[in-house]
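# Report on the structure
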Amino acid sequence: MLKKYTKSQLALRNGQDRDEIWIAFKGIIYDVSNSRLWRNGKHYEHWAGQDLTDELKDAPHTDKVFEKFIVVGELVSNNS
């Protein structure tokens, strides 16, 4: 079972406040800390610590890109 994180907790893993660089996609949180493309928590115009589900449609790649990253948890609403 995956550990649950809120958007507020995800926002702390933006590559600035802590060493962890996490992003969410379709409710799953991925650790992209080891990706050279996510250095300093930024990947092109995208920022870590957020849910990127809606932004992926503009990306030049598919959601298969997330398969190479470690799943760290599940994104839940701040009230649950």
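First, a word on scope: everything that follows refers to the structure included in this document. Everything quoted here is computed from the prediction, not taken from an experiment.

### With respect to the overall build of the chain
Within the chain, the regular secondary structure consists of one helix and six strands. What you see for the chain is a C-alpha radius of gyration of 12 Å, in line with the 12 Å of a compact globule of 80 residues. Here the C-alpha coordinates of the chain stretch approximately 35 × 25 × 20 Å along the principal axes. Per-residue burial for the chain yields a buried fraction of 36% across its 80 residues. Within the chain, contacts between residues separated by at least 24 positions form 65% of all contacts whose residues are at least 6 apart in sequence. Accessible area of the chain: about 5400 Å², with a carbon and sulfur share of 49%. Averaging the locations of the 12 positively and 12 negatively charged side chains of the chain gives two centres separated by 2 Å.

About the criteria used
- Residues numbered from 1 in each chain as written.
- Predicted model: local features only at pLDDT ≥ 70, side-chain atom pairs only at ≥ 80, totals over all residues.
- Heavy atoms only, no water.
- Helix = DSSP H or I, 4+ residues; strand = E, 2+ residues; numbered from the N terminus.
- Rg over C-alpha atoms; globule rule 2.2 N^0.38 Å.
- Buried < 20%, exposed > 50% of the residue type's maximum accessible area, 1.4 Å probe, protein only.
- Contact = heavy atoms within 4.5 Å.
- Areas by Shrake-Rupley, 256 points an atom, 1.4 Å probe, with all protein chains shown as cover.
- Lys, Arg positive; Asp, Glu negative; His and termini not counted.
- Charge placed at Lys NZ, Arg CZ, Asp CG, Glu CD.

None of this, on its own, says anything about what the molecule does.
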